[in-house]
Amino acid sequence: MLDDYVTTANINNVTSLYLNEKSIADLTGIEDFADLTSLHLWGNLLTTLDISNNSSLTTLDCGNNQLTSLDVTNNTALASLECYSNQLTSLDISNNLNLNYLHCYVNNLSSLDISNNTALIDLACNMNQLTSLDVTNNTALTNLEFFANQLTSIDISNNTNLLRLYCYENQLTSLDVSNHTALTHLYCGYNQLTSLDVKNGNNVNFVGFEAQSNPNLTCIQVDDAAWSTTNWTYKDATASYSEDCGWGNNDSDGDGIADNMDDYPQDATRAFDNYFPAAGYGSLGFEDLWPGKGDYDFNDIVLDYQFKTVLNSSNLVVDISGTFIVKATGASLENGFGFNLPDAN
């Protein structure tokens, strides 16, 4: 090491750097760390960060700096990105298909497109300036935090794996988690809720529930009204718990399907979601030398899949979508993957 720099030979094979709280204002030279997979920079003085050459990065923590922009389009291996407590006004993660963990809270984001990030498990985008958030493609999410934004609605009907939902301090008018049977944390206070359905068959396993400061909320639908009255005290005095708030006969979109049975109560062209497999993902393995003997490991391509079929009120197919996650590619031959929908036109 020579004063304020190191020779290239000394940084070969360096895979991790922990530079937290070092008062660093300039990270020039980081581009030469070609083997870097993990970079931790939180609590510094950075206003810019160029990691375009660090294409092997899987983990980046640059939180609590002064960044106004962050380009991760070349960092397609990223699985974990923490860029919280900066001054970001936009964030393009459309190329980061392997992203499992995204914490971008306390920035100045007015929009966030995560439609390509189907592997996301943990998303925290709270304390920004978001007016909408589309999580319909993010079916793997178990933790979703978007509190202290400006959302008036959120469609979480596809996110049935959620364990934790933090959506307080928005402008939500309705929230239905009746199909979210794994949910253990729900914080939806300080909104404009007029309907809240928490009757998911799992209320007794909740660790946290708060719904206070929703002045227009008079009824909260739950599994057991007596149990909720005793155990869930964070609500307004004007709201009461009930096993039936009387929403069962409502048909908001007029498609003949009651709202409590309708996966799309505000869309008359859609009514039901069907999944294959019914829960989670199926797996496919491909062997490119089959039926040749001596190589039956079926690991040349391995991927997880899930199909979603949307039906209307007449049980006719409206659309079909598929989610595919490549888990392994181990072939010496170059293979691809495709599928055919018979009789589709």
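Preceding this paragraph is the structure being described.
As the structure is a computational prediction, the values presented were derived from the model and not from experiment.

Here the focus is the packing of aromatic side chains. For the structure on display, the rule yields 11 aromatic pairs. Aromatic pair F209 and W232: ring centres 4.1 Å apart, planes at 20°, arrangement stacked. With F209 in strand β12 (residues 208–210) and W232 in the loop between α1 (225–231) and β14 (240–242), this pair connects stretches of sequence that are 23 residues apart. By relative accessible area, W232 is classed as buried at 5%. Relative to F307, the ring of Y305 has its centre 6.2 Å away and its plane inclined at 55°; by these criteria the two rings are tilted. The class of F307 is partly exposed, set by a relative accessible area of 21%. Here the aromatic residues F206, F209, W227, W232 and Y241 are joined through ring pairs into a cluster of three or more.

Right, let's get into the side chain of N86. Its location among the elements puts N86 in the loop between β4 (80–82) and β5 (101–103). At a separation of 3.3 Å, a polar atom in the side chain of N86 contacts the main-chain amide nitrogen of N65. Among the polar contacts made by the side chain of N86, one reaches the main-chain carbonyl oxygen of Y84 at a distance of 3.1 Å. When near neighbours in sequence (up to four residues on either side) are disregarded, N86 contacts C62, G63, N64, N65, Q66, L67, V106 and N107.

Further remarks concern the nonpolar core. Within soluble globular proteins, side chains that are nonpolar tend to cluster in buried spots. Ranked by size, the top nonpolar core spans 65 residues in total, and within it L133 and L175 carry the most contacts. Not counting chain neighbours up to four residues away, the residues in contact with L175 comprise I154, I156, L165, C167, L186, C188, L193, S195, L196 and D197.

Below, the discussion takes up the pairing of strand β17 (residues 301–311). The buried count for β17 comes to eight of 11 residues, which makes it a mostly enclosed element. As defined by bridge partners, strand β15 (residues 272–276) adjoins β17 across five bridges and the pair is classed as antiparallel. Within the sheet, the bridge partner assigned to D273 lies in β17 and is V310. Sheet topology note: the strand β16 (residues 282–286)/β17 ladder contains five bridges and is antiparallel. When the sheet's bridge partners are listed, G282 is paired in β17 with Y305. As defined by bridge partners, β17 adjoins strand β18 (residues 317–328) across 10 bridges and the pair is classed as antiparallel. What sits directly across from K308, in β18, is S321.

This brings us to the pattern of salt bridges. Once the charged atoms of two side chains with opposite charge are near each other, the side chains can pair. For the structure on display, the rule yields two salt bridges. Here R270 and D267 are joined by a salt bridge, their closest N and O atoms 3.6 Å apart. On the basis of relative accessible area, D267 is assigned to the partly exposed category, the value being 24%. Residue R270 pairs with D319 through a salt bridge whose shortest N-O separation is 2.6 Å. Of this pair, R270 sits in the loop between β14 and β15 while D319 is found in strand β18, placing the two residues 49 residues apart along the sequence. Since its relative accessible area comes to 24%, R270 is described here as partly exposed. Through salt bridges that share partners, D267, R270 and D319 make up one connected network.

On to the environment of I11, then. As for its position among the elements, I11 is in the segment before β1 (16–18). In the structure, I11 is positioned 19 residues away from I30 in sequence and 9.9 Å away in space, judged by C-alpha atoms.

Together, D50, D71, D92, D113, D134 and D155 make up a region of like negative charge exposed at the surface. With respect to the helices and strands, D71 occurs in the loop between β3 (59–61) and β4.

Judged by side-chain polarity, L284, F337, F339 and L341 come together as a nonpolar surface patch covering roughly 370 Å² of accessible area. As for its placement among the helices and strands, F339 is situated in the segment after β18. Under the relative-accessibility criterion, F339 is labelled partly exposed at 46%.

Overall, the coordinates contain one disulfide when judged by the stated rule. Through a disulfide, C219 is tied to C245; the S-S separation comes to 1.9 Å. When the S-S torsion is -85°, as for the bridge of C219 with C245, the disulfide is left-handed. In this pair, C219 sits in strand β13 (residues 219–221) while C245 sits in the loop between β14 and β15, placing the two residues 26 residues apart along the sequence. Taking relative accessible area as the criterion, C219 reaches 16% and is therefore assigned buried. Unpaired in terms of disulfides, C83 finds its nearest cysteine sulfur in C104, a separation of 5.4 Å. For C83, a relative accessible area of 0% corresponds to the buried category. Here C167 stays unpaired: no disulfide links it, and the sulfur of C188, its closest cysteine neighbor, is 5.3 Å away. Judged by relative accessible area, C167 falls into the buried class, the value being 0%.

Cut-off values and rules
- Residues numbered from 1 in each chain as written.
- Predicted model: local features only at pLDDT ≥ 70, side-chain atom pairs only at ≥ 80, totals over all residues.
- Heavy atoms only, no water.
- Phe/Tyr/Trp six-rings, centres within 6.5 Å; stacked < 30°, edge-to-face > 60°.
- Helix = DSSP H or I, 4+ residues; strand = E, 2+ residues; numbered from the N terminus.
- Buried < 20%, exposed > 50% of the residue type's maximum accessible area, 1.4 Å probe, protein only.
- Polar contact = N/O pair within 3.5 Å; in protein donor to acceptor, adjacent residues only side chain to side chain.
- Contact = heavy atoms within 4.5 Å.
- Core = buried A, V, L, I, M, F, W, Y, C linked by side-chain atoms within 4.5 Å.
- Pairing = 2+ DSSP bridges.
- Salt bridge = Lys/Arg side-chain N within 4 Å of Asp/Glu carboxyl O.
- Patch = residues over 30% accessible without salt bridge, like charges linked within 9 Å, V, L, I, M, F, W, Y side chains within 5 Å.
- Areas by Shrake-Rupley, 256 points an atom, 1.4 Å probe, with all protein chains shown as cover.
- Lys, Arg positive; Asp, Glu negative; His and termini not counted.
- Charge placed at Lys NZ, Arg CZ, Asp CG, Glu CD.
- Disulfide = S-S within 2.5 Å.

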